[in-house]
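Chain residues, written in single-letter form:
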Amino acid sequence: MTISTIVDDVTGSSQTLTVYDPSDPNAVSQIADYFEVQNVTVEEAETADGPEGFAVLHDEGEFLAAADVEELQAAVTLDSGVLDATGFDEIAYPDLIGAVDDKTFTAYGKRRMILASREVEERSWYARGGELHSGFQRLSLLAEQWDLYTRIADRGVDVHVYGEPDWEPPANDSITVHASDDAEIRDAWFVAFESPEPDGDCALVADEREPNVFCGFWTFDDGVVADVFDHLREEYGRRRVSN
C-alpha cells in the first residue's frame, strides 16, 4: 500500500448541487467552476414560493446539505478569509462543502487544496482531541501554517506533520515532525484526522501529478481514513523527530 495506490482505489459517485434564485448572475458559474473537478453537477433553478438564494446538495434525490448561496460563493472563491486564518473561529464557510465526501478530483490547484485541507483541520480544531496527520511535501511549506498547527495542538490534538527536511520547525513538544526524503512524501499532500468521536474521521489525500496540479480525494468514510492511518503509521511511525 502507498499513498498513490490509496488515491487510485477511491472513486466517488456523482452528486448534484442545485442553486436556487441566486442574486449574483456570476454565482452559478463560480460555484460550478469549483465543483466541476469533484464530479458534482451544478444546476440552476427557480422557486415558485419560499426563500431565495440557497443551494441544495443531493444524491439521486436524497437530500445531503444546504447552504446560503452568498456564503457558498464566498467560500469557493476564497473570499471567506480561509487563506489567512490562524484559527477556525475566524472562518465562515458552509457545511455543504464538507458534505461532498468520497469525491475524487482531477485538477486541484494549490488554493483549492488549502480550502479542502481546512475542512479536515477544522474538524480536529473543534474535536479537541484525536490525531491529525498532515503531509506538506516539504517542511518549508509548513512554516506559514506553523502557528495554526500549534494552536490545533494546544487544543489537545495529537499533531503529526510530514515533509522533506528543508526547514527545521521550532521546538514544540505537542507536534511530532516526520522528516522524510521518500518520493511519496515529496509528491503527496494529505490531511487526515482520526476523531475521538464516532463518525468524525475524515481525510484529504492527493498526489501532485503535474506541477501544482493535484489529483486525489477527500472522504469521511471511516474505512478509507483507517487505510490512510495504517499506511502512515506502518511506514513512518518509527521514522520521526519529536520536537
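This text goes with the structure placed above it.
In short, a report on the structure.

### Concerning the pattern of salt bridges
- Applying the stated criterion across every chain yields a total of 7 salt bridges.
- The salt bridge involving Glu 119 is made with Arg 123; its shortest N-O contact spans 3.8 Å. With a gap of 4 residues between them, Glu 119 and Arg 123 both fall in helix α5 (residues 110–127), about one helical turn apart.
- The exposure class assigned to Glu 119 is buried, which follows from its relative accessible area of 8%.
- A salt bridge links Asp 207 to Arg 209; the shortest N-O distance between them is 3.3 Å.
- Classification of Arg 209 as partly exposed rests on a relative accessible area of 43%.
- Through salt bridges that share partners, Asp 8, Asp 207 and Arg 209 make up one connected network.

### Considering the nonpolar core
- Of all hydrophobic cores here, the largest spans 52 residues; its most connected members are Leu 17, Ile 31, Phe 35, Leu 72 and Tyr 149.
- If near-sequence neighbours (up to four positions away) are discounted, Phe 35 is found in contact with Leu 17, Val 40, Val 42, Leu 72, Val 76, Leu 96, Val 100 and Arg 112.
- Membership of the second largest hydrophobic core comes to 18 residues, among which are Ile 3, Ile 185, Val 224 and Val 228.

### Description of the sheet that holds strand β4 (residues 62–68)
- If you walk across this open sheet you meet the 4 strands as β2-β1-β3-β4, and the pairing is mixed. Strands with a single pairing partner mark the edges of an open sheet, and in this sheet they are β2 (40–45) and β4. The sheet shows a mean angle of 20 degrees between the axes of neighbouring strands, taken without regard to direction.
- Pairing of strand β1 (residues 15–20) with strand β3 (residues 54–59) involves 5 bridges; the strand directions are antiparallel. Directly across from Leu 17, in β3, lies its bridge partner Leu 57.
- Where helix α3 (residues 69–76) meets the sheet, it contacts β1, β3 and β4, and its direction lies at approximately 85 degrees from that of β4.

### A few points about the pairing of β1
- Burial of β1 is extensive: 5 of the 6 residues sit out of reach of the surface.
- Two elements, β1 and β2, share 6 bridges in a ladder whose sense is parallel. Bridged to Tyr 20 within β2 is Ala 45.

### A short note on unusual backbone geometry
- Phi angles above zero are rare outside glycine, and Gln 137 is one such case at about 70 degrees.
- With respect to the element layout, Gln 137 can be found in strand β6 (residues 131–138).
- Backbone geometry at Asp 199 places phi at a positive 60 degrees, although glycine is not the residue there.
- Locating Asp 199 in the fold gives a position in the loop between β9 (188–194) and β10 (202–210).

### Observations concerning the packing of aromatic side chains
- Taken as a whole, this structure holds 7 aromatic pairs when the rule is applied.
- Taking 5.4 Å as the distance between ring centres and 70 degrees as the angle between the ring planes, the aromatic pair formed by Phe 136 and Tyr 149 counts as edge-to-face. Taken as a pair, Phe 136 in strand β6 and Tyr 149 in helix α6 (residues 146–154) lie far apart in primary sequence, 13 residues in all. The pair formed by Phe 136 and Tyr 149 is uniform in burial state, with each residue classed as buried.

### Description of the packing of helix α2 (residues 27–35) against α3
- Between α2 and α3, the shortest axis-to-axis distance is 9 Å and the interhelical angle comes to 50 degrees. With respect to each other, α2 and α3 are oriented oblique. Judged by the twist between their axes, the crossing of α2 over α3 is left-handed. Contacts between α2 and α3 involve Ala 27, Gln 30, Ile 31, Tyr 34 and Phe 35 from the first element and Val 69, Leu 72, Gln 73 and Val 76 from the second.

Each value, and the rule that gives it
Residues numbered from 1 in each chain as written. Predicted model: local features only at pLDDT ≥ 70, side-chain atom pairs only at ≥ 80, totals over all residues. Heavy atoms only, no water. Salt bridge = Lys/Arg side-chain N within 4 Å of Asp/Glu carboxyl O. Helix = DSSP H or I, 4+ residues; strand = E, 2+ residues; numbered from the N terminus. Buried < 20%, exposed > 50% of the residue type's maximum accessible area, 1.4 Å probe, protein only. Core = buried A, V, L, I, M, F, W, Y, C linked by side-chain atoms within 4.5 Å. Contact = heavy atoms within 4.5 Å. Pairing = 2+ DSSP bridges. Axes fitted to C-alpha atoms, helices over the stretch in contact; angles between N-to-C directions. Phe/Tyr/Trp six-rings, centres within 6.5 Å; stacked < 30°, edge-to-face > 60°. Parallel < 35°, antiparallel > 145°, perpendicular 65-115°, else oblique. Left-handed = near helix turned anticlockwise from the far one by under 90°.

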